[in-house]
Every structure is written in structure tokens, then in C-alpha cells.
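Next come the chains, spelled out residue by residue.
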Amino acid sequence: MYVVGTAGHVDHGKSTLVHALTGIDPDRLREEKERGLTIELGFAWLELPSGREVSIVDVPGHERFIKNMLAGAGGVDLALLVVAADEGVMPQTREHLAILDLLDVPAGIVALTKCDLVEEEYAGLVEADVADVLAGTRLAGAPIVRTSAATRAGLDGLRATIDDALERTPAKRDLGRPRLPIDRAFTIQGFGTVVTGTLLDGSLEIGQEVQLQPGGLRGRIRGLQRHRTKVQRLEPGTRAAVNISGLKTEDIERGMVLALPGNLKPVRVVDVRLTAPRILSHPLAHDAGVTLLSATAESEAKLRLLDANAIGPGESCWGQIVLETPIAVLPRDHCIVRTPNETAAGGVIVAVNARRHRRNDAATLPQLERLLAGSPEERLIDLLASRPLAVGAIATSLGIEPAEAAKVTAEAAARALVVELGGMLASGAWMNQATSRIEGATSNYLDLHPLRMAVPREHIRSTAGIDATVFDAIVAYACSMGAIEERGAGLATPGWEPRLTPAQEAEAERFLRTIGEGGYSPPTEGMPGDELLAYLTERGLIENTGRGVVFDREVYGEMVAKVVRHLETHPQITIAEVRDLFGTSRKYAQALLEHLDATKVTRRSGDAHVLRAGVEARR
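Cut-off values and rules
- In this numbering scheme, every chain counts its residues from 1 along its sequence in written order.
- pLDDT decides what is reported in this predicted model: residues at 70 or higher carry local features, side-chain atom pairs at 80 or more are listed and counted, and totals for whole chains, interfaces and linings draw on all residues regardless.
- To obtain the side-chain values, all non-hydrogen atoms of the structure were used and water was disregarded.
- Any two strands with at least two DSSP-identified bridges between them are counted as paired.
- Working definition: helices are DSSP H or I runs of at least four residues, strands are E runs of at least two. Numbering for both runs from the N terminus.
- Only the six-membered ring of Trp is used, alongside the rings of Phe and Tyr, when aromatic pairs are assigned; centres must lie within 6.5 Å, and planes under 30 degrees apart are stacked while those over 60 apart are edge-to-face, with the rest tilted.
- Note on classification: 1.4 Å probe, protein chains only; a residue is buried when its accessible area is under 20% of the maximum for its type, exposed when over 50%, partly exposed between these limits.
- The term salt bridge refers to a side-chain nitrogen of Lys or Arg lying within 4 Å of a carboxyl oxygen of Asp or Glu.
- Orientation is described by lines fitted to C-alpha atoms, with helices fitted over the stretch in contact, and by angles between N-to-C directions that extend from 0 to 180 degrees.
- By the definition adopted for this analysis, an angle is roughly parallel if under 35 degrees, roughly antiparallel if over 145, roughly perpendicular if from 65 to 115, and oblique otherwise.
- It only takes one pair of heavy atoms within 4.5 Å for two residues to be counted as in contact.
- Residue polarity follows a fixed list, in which Ala, Val, Leu, Ile, Met, Phe, Trp, Tyr, Cys and Pro are nonpolar, Asp, Glu, Lys and Arg are charged, and the others, Gly among them, are polar.
- Buried Ala, Val, Leu, Ile, Met, Phe, Trp, Tyr and Cys residues that are joined via side-chain atoms within 4.5 Å together make up what is termed a nonpolar core.
- Take the far helix as your reference; a near helix turned counterclockwise from it by less than a right angle gives a left-handed crossing, and one turned clockwise gives a right-handed crossing.
- A pair of cysteine sulfur atoms is labelled a disulfide when the two atoms are within 2.5 Å.
- Here the expected length of a helix is defined as 1.5 Å per residue gap, with one fewer gap than residues.
- Each C-beta atom gives one direction from the helix axis, and the arc is the one those directions make.
- Counting of polar contacts relies on pairs of N or O atoms within 3.5 Å, with two restrictions inside protein: one atom must be capable of donating a hydrogen and the other of accepting it, and residues adjacent in sequence are counted only when both atoms are side-chain atoms.
- What goes into a patch is any residue over 30% in relative accessible area without a salt bridge, connected to like charges within 9 Å or, for nonpolar side chains (Val, Leu, Ile, Met, Phe, Trp, Tyr), within 5 Å.
- Using the Shrake-Rupley algorithm and a 1.4 Å probe, accessible areas are obtained, with residue cover drawn only from the displayed protein chains.
- Only four residue types enter the tally: Lys and Arg on the positive side, Asp and Glu on the negative side; His and the chain ends are excluded.
- Charge coordinates come from a single atom per side chain, which is NZ of Lys, CZ of Arg, CG of Asp or CD of Glu.

Colleague: Explain the sheet that holds strand 28 (residues 485-487) here, please?
Modeller: What holds strands together in a sheet is hydrogen bonding between their backbones, with the strands either parallel or antiparallel. Pairing is antiparallel across the open sheet formed by 3 strands, whose spatial order is 27-29-28. Of all strands in the sheet, those with a lone pairing partner are strand 27 (455-456) and strand 28, marking the two edges. In the sheet, strand 28 pairs with strand 29 (residues 490-492) via 3 bridges, with the strands oriented antiparallel. Note that in strand 29 the partner of Glu485 across the bridge is Ala492.

Structure, rendered in C-alpha cells:
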């Protein structure tokens, strides 16, 4: 599906031309009909000679309604610039033309309207003037078709010219991330909430759960319409109406974007390559207050120029725009920047919610250039520079189709530029940095705790600052590179073995002998330090209950076996019964039972303890 959008000065006959072409009156508001002036966006559709059906968005031409025009221009595949033959090029003609340039609209046609009101020779002069104005713009050399809605002259030729231009215009891409910038929301009795807009970047189906951003409202698609025809599925590029259950119309605002849950997030900062139109009357200065518009969204904002102090007519520079209210946009979207009185600049968003950049930073500016004009592989490496990303999110993050993303990823992986980590993708450079951090955290811990066999994994993860979702995969990679090795549930540097000093060996022998002789009631005084206790525990020589009571490992095994045998013939056991079973004191009986609970041998039931299911088979 394609969308054709009108553009042009007020009262040059845009709506009248659309009505003549389609038979549909796009002026839907009573105020518009009374004033003969398009205020809001209007919509119609048209079947072309090839059988191709296109949507038409009719936009207002009056300068007071320029923001409504911008809402309609987003998502347009072909601009139909309307110029009245009896007036020629006017101020809004030039501003709309500048906006089409800034939005990078793929194609354009000029409809010279009201030709029935002028002589043939005069129409020729206006046509030549229009061609001059188009020079140097995206519509340079565009076909100019003379028409009259009153006499219907030229309408067939205009339909054929639109058909021919769209034949050479790429179809909307399916990036697997459907989103519909909302331009209207209303209620239909018996159906509920309906929103309209132009579907971008993916398909929608009845029954899908959807989310509106900003705001996070959730609902479910109850029905879909394309050109007032019910459909089960909508393809990208479709002018659509979506009936949503679970949402109230009064909660929905123009500028929200309908998408699948999790595909969009509120955005408060955008990095953008800005270009000022040649008709700009006053330079746009650093730190200026502006209005940012993208698709149907709008927000007041502060503009920070990153490589200039001001931007003049026809000039370009990098900017970071901080928004007062969040909007929902993605990299590669286009935007317009307006001051109170004019369209001041526009361009391509290359990053969203980025950190604050230093001005004229030697590292930042080249990176922004790569995000704008770099190859998909270069942008992939930049994307993964700071963190891994899910493989399934690569295509949408780069703004390319899944097949191209898979090819780019495979080629980068073959050259070791990226590494796949169980469904995640990381750059080779980031992986090396992460591996170094893990290796350093492991080594530092063992330096401080030389008697430990291994380092707890969670300590390394938090110290190295690595997200839990990718930690295990990075550990596996680091082990494969020989940087670390796994030791049970922990990690260690390769070949690491704790070594006791002669004094520590003597202390360990004394302690083991003492608790061994103590049997079921080992002494609790004269304990070695925590490091030596941990060493003896890891070696399997003792069982530390954590309550100041440490048993000889063999003695502990005997005690566990006796408790289990008791519970195999009795429903429960109490502290008093354990005390009597081993001829010991309450202190040791309580420490033993609480440790058995902690190690999942027993569980507490009131004042007693019962055997956990399955323990019999293990003992």
C-alpha cells in the first residue's frame, strides 16, 4: 500500500482536487465546510489505472495549521504538491516544499489546479515558475500536470502520472515492528474506541495485544478497516482504522503510537542531523527553545547544537534535542523543528534517549555520522559497543529488514566482529572488555581471599558490572578463551590452588582433631578465622552450620543418617528428640536441625521438623 499526501498553499484547491479524483469529500468538520478551509487532516482513497489502491491524506495549507500539515506528511510515499494556476507559487507553497525536503518524501508530483480560470499562455508561465522553484529540491524535475476540478480536465492524466510515479517508488518495508502514529481517536457506538493513522514498519492482525506509547496503555485489536472495508490483517503502508478493546477514547491523545507491547518506549532525548531550509528567515541558535514534531507527535523542547553555534539557511549540523514531554519515536524517523513563526530545521533521528553529549566532542561526532550514513555493519558494531542485544532486536534497532540483518550479523560473526551468546549478540570488543572485567574481579577476590577454592559467581557478576541476562554466556566465553575456569558453583583463575602456610596447616590440624574428638558436641571456642573455616568447608573436611557450631564431616554424616532413619519411621522430630538421640545439648540439636532445614533435608512444621519428600532416596 502507498500513501499520497497533498501539500500546498491555502485555497489552492487541494481538497477540491481530492474530491474530484476520488468522489470522497476529505473535509469532515462542519467548521471546514462552513469556512471552505481545511483545518484538520482529511482522508480519501483512490484506485489507479493499474488497479493499485492508494490512500490520500489531505493536509491544511493555512500557516496557522502547519502543525496539522506535518502530522499528515509523516509516512507519505508520494507528495502531491498543489499550485493554483491563477495565483502561482505562494508562501505556504514554499514552506510545504521545504518540509517535504526535510522529511525526505520519496517522490512527488505537481498538480497545477484551476487551469480553467487562466489562459493557456499564463498557465505555461506559472508552470515554468513552479519548475524553477522546484530546482534544488527533492521534487526537482517532478511531473507537472495541469488540471481543473471544475471541468475535470487533466484528472485522468494525473491518475496515470501518480500510478507511474508509484511504480518506481519502493514499497513500505516490513521490519517486524508495526507502529501506527495516531492522528485521530473516536468512539463508534457498539464498537468502542477507534484510532486511525498510517501503519509503518510491520503488520497488524485482529486479536493482537497492543500498547500505546507514551503512556503504556494496553488493549487488544478488536477490528481493522482499510478504506472502510473490514480486514483481518493490515500490511505496512496502509491507511488504517483500528478498533481497540480495553481502552477509553478519552485516554488517547493524538501523537501516541500504537505498537506491539515492548516495541516502543517513551523518548525524552533525540540525536538528530538537522538541516535548515533555504527559506529560513532567522538563524537557529544553540540552546533555542523549539517545537519538535515527528509523525503525529509534538513536544516543546530545548535544542543543543553539537558542532555549531547557530544554523543558517541551507546549513546542516548535529543537534541533541531534550523534550519537555515524551514522545514515541525510533532511530531513522524524520522530524521537524519549528520556532513560533516558521519551520526552522528538520532531519533524521539517529539515536534516542542518548546520554548528554559534549559539544564538538571528537569521539561523538564521528559516531553520529556512522549512525546516519554508516553501513549496516558499522552501525551494528556501534549499536553493540556498550551492551549486548537480543538477536531478534537487531533488525528493528538498525531499521533494516530481518533478512538483511541476518546477513549482516553472519558476515560480522565470520570476521569475529560480533559474538552470539545464546540468543544475544555482543561485539567482539565488548566481549573482550567483559572478559577482562570478569578475569580481574576473579583475580582480585582470590588475592584478598587466598584460601578460597573459587569465587562466588554473583560477586564476580556484580563487581564486573555485567547484566544477569548475559552473564552465564559471557562466563562460558571467558572459559573457552582460557581466562577463567569453573569450580563447582564458583569461578577461579586457571590452575589456581589455595596454599596453607605452615602456621595455618598446624591450626587446621589442631581444629580438626579437636572437633573430631568432640563428636556430637564439638567445642565452640577457639575457632579459626573465617578464611580457614571456608577453606576447610570447601575441602569437605567440616560442616559449618553457621550458628557457631562446626561438626567434623564424618560425624555430621552420621548425625544426618540417624535423623533420616528416625524420620523414616516417625512422622516428625523435635529439638528435644535430637538432643536425646545424640546425647548432646539443645544448642547442638538446634544448630543441626536448622542446618538440615537450610540444606533441604528437613523442613520445619510447627515446633517439629519433618523429612522432605525424596530425601529417603538420597540417603
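Colleague: Would you take a moment to explain the sheet that holds strand 25 (residues 418-421) for this structure?
Modeller: One open sheet holds the 3 strands; their spatial order is 24-26-25, and the pairing between them is antiparallel. The two strands at the open ends of the sheet, each matched to only one other strand, are strand 24 (389-390) and strand 25. With 2 bridges joining them, strand 24 and strand 26 (residues 424-427) adopt antiparallel strand pairing. Residue pairing for strand 26: Ala390 is matched across the bridge by Met424.

Colleague: Would you explain the packing of aromatic side chains in this entry?
Modeller: Aromatic rings in a pair are described by how distant their centres are and how their planes are angled relative to each other. Summed over all chains, the structure comprises 2 aromatic pairs. Ring geometry for Tyr520 versus Phe582: centroids 4.9 Å apart, planes at 65°, classification edge-to-face. With a gap of 62 residues between them, Tyr520 in the loop between helix 14 (502-518) and helix 15 (530-538) and Phe582 in helix 17 (residues 575-582) connect regions that are remote in the sequence.

Colleague: Sorry if this is basic, but what is going on with the pairing of strand 33 (residues 608-611) here?
Modeller: Remark: a regular strand shows side chains that alternate across the two faces of the sheet. Burial along strand 33 is two-sided: the face carrying Ala608 and Val610 and the face carrying His609 and Leu611 are both buried. Two strands pair when backbone bridges link them, and strand 32 (residues 602-605) and strand 33 are joined in this way by 4 bridges, in the antiparallel orientation. Bridged to Arg603 within strand 33 is Val610. The antiparallel hairpin formed by strand 32 and strand 33 contains 2 residues in its connecting segment, where Gly606 sits at a positive phi of about 70°.

Colleague: Explanation requested: the pattern of salt bridges in the structure shown.
Modeller: Pairing of side chains with opposite charge becomes possible as their charged atoms draw close. Considering all chains together, one arrives at 30 salt bridges under this definition. Between Glu167 and Arg52 there is a salt bridge, and its shortest N-O distance comes to 2.8 Å. Taken as a pair, Glu167 in helix 6 (residues 155-167) and Arg52 in the loop between strand 2 (42-47) and strand 3 (53-58) lie far apart in primary sequence, 115 residues in all. The salt bridge partner of Arg233 is Glu205, with a shortest N-O separation of 2.3 Å. One end of the pair, Arg233, is in strand 13 (residues 233-234); the other, Glu205, is in strand 9 (residues 204-205), with 28 residues separating them in the sequence. A relative accessible area of 39% places Arg233 in the partly exposed class.

Colleague: How should the packing of helix 1 (residues 14-22) against helix 6 be read in this particular structure?
Modeller: Running from N to C, helix 1 and helix 6 point in directions that differ by 90°, and their axes come no closer than 10 Å. Relative to helix 6, helix 1 is oriented roughly perpendicular. Along its contact with helix 1, which presents Leu17, Ala20 and Leu21, the element helix 6 presents Leu155, Leu158 and Arg159. For the contact of helix 1 with helix 6, the class distribution of residues is 5 nonpolar, no polar and 1 charged.

Colleague: Which parts of the structure should I look at to understand the nonpolar core?
Modeller: Considering soluble globular proteins, one finds that nonpolar side chains tend to be buried as a cluster. Leu81, Val130, Leu134 and Leu139 are the most contacted members of the largest nonpolar core, which totals 28 residues. Secondary-structure elements contributing two or more residues to this core are strand 1 (2-8), strand 4 (78-84), helix 4 (91-102), strand 5 (107-113) and helix 5 (120-134). Tallying contributions element by element places helix 5 first for this core, with 5 residues. Judged by nonpolar contacts, the second largest core, of 26 residues, contains Met431, Ile438, Phe471 and Tyr477.

Colleague: Is there a simple way to explain the packing of helix 12 (residues 457-464) against helix 13 (residues 468-480) in this structure?
Modeller: Angle between the axes and distance between the axes are the two parameters that describe a pair of packed helices. In contact at an axis separation of 11 Å, helix 12 and helix 13 are set at 110° when each is read in the N-to-C sense. Viewed along their axes, helix 12 and helix 13 adopt a mutual orientation that is roughly perpendicular. Helix-helix and strand crossings are classified by hand; for helix 12 and helix 13 the assignment is right-handed. Of helix 13, the residues touching helix 12 (which contributes Arg457, Ile460 and Arg461) are Ala468, Phe471, Asp472 and Val475. Here the contact of helix 12 with helix 13 is composed, by residue class, of 4 nonpolar, no polar and 3 charged.

Colleague: Got a minute to help me understand the state of the cysteines in this structure?
Modeller: In protein structure, a disulfide is the covalent linkage between the sulfur atoms of two cysteines. Under the criterion given, the structure shown has 0 disulfides. Free of any disulfide, Cys317 has its nearest neighbouring cysteine sulfur in Cys335, separated by 12 Å.

Colleague: Could you clarify how one ought to interpret helix 14 in this entry?
Modeller: Each α-helix winds once per 3.6 residues, and so residues spaced three or four apart point in a common direction. With 17 residues, helix 14 ought to run about 24 Å at 1.5 Å a step, and its terminal C-alpha atoms sit 24 Å apart, in line with that. Among the residues of helix 14, those classed as buried are Ala508, Phe511 and Ile515. End-on view of helix 14: buried residues confined to an arc of 70°, all on one side of the axis. In helix 14, the exposed positions that point more than 90 degrees away from the buried face belong to Pro502, Ala503, Glu509 and Glu517. Of the residues trailing helix 14, Gly519 is marked for its positive phi of about 60°.

Colleague: Explain the pairing of strand 3 to me, please; I cannot follow it from the model alone.
Modeller: For strand 3, a buried count of 5 out of 6 residues is recorded, marking the element as mostly surrounded by other parts of the structure. Note that strand 1 and strand 3 share 4 bridges and pair parallel. Across the sheet, the residue bridging to Tyr2 is Val54, located in strand 3. The pairing of strand 2 with strand 3 spans 6 bridges and is classified as antiparallel. Within strand 3, the position partnered with Trp45 by the bridge is Ser55.

Colleague: Would you explain the side chain of Ser148 in this entry?
Modeller: When you line up the elements, Ser148 lands in the loop between strand 6 (144-146) and helix 6. A relative accessible area of 2% places Ser148 in the buried class. Here the side chain of Ser148 touches Asp116 through a polar contact of 2.9 Å, side chain to side chain.

Colleague: Explanation requested: unusual backbone geometry in the structure shown.
Modeller: Trans is the prevailing form of peptide bonds, just as negative phi is the prevailing case for residues other than glycine. At the junction of Gln213 and Pro214, the peptide bond is cis and its omega measures out at -5° in the coordinates. Locating Pro214 in the fold gives a position in the loop between strand 10 (209-213) and strand 11 (217-226). Even without a glycine there, the phi angle at Arg228 is positive, about 65°. When its relative accessible area of 67% is taken as the criterion, Arg228 is described as exposed.

Colleague: Help me out: how do you make sense of a negative patch on the surface in this one?
Modeller: A contiguous patch of negative charge on the surface is contributed by Asp11, Asp86, Glu87 and Asp116. Tracing the sequence through the fold places Asp86 in the loop between strand 4 and helix 4. Exposure remark for Asp86: the relative accessible area of 33% places this residue in the partly exposed category.

Don't take any of this as a statement about function, it's just geometry.
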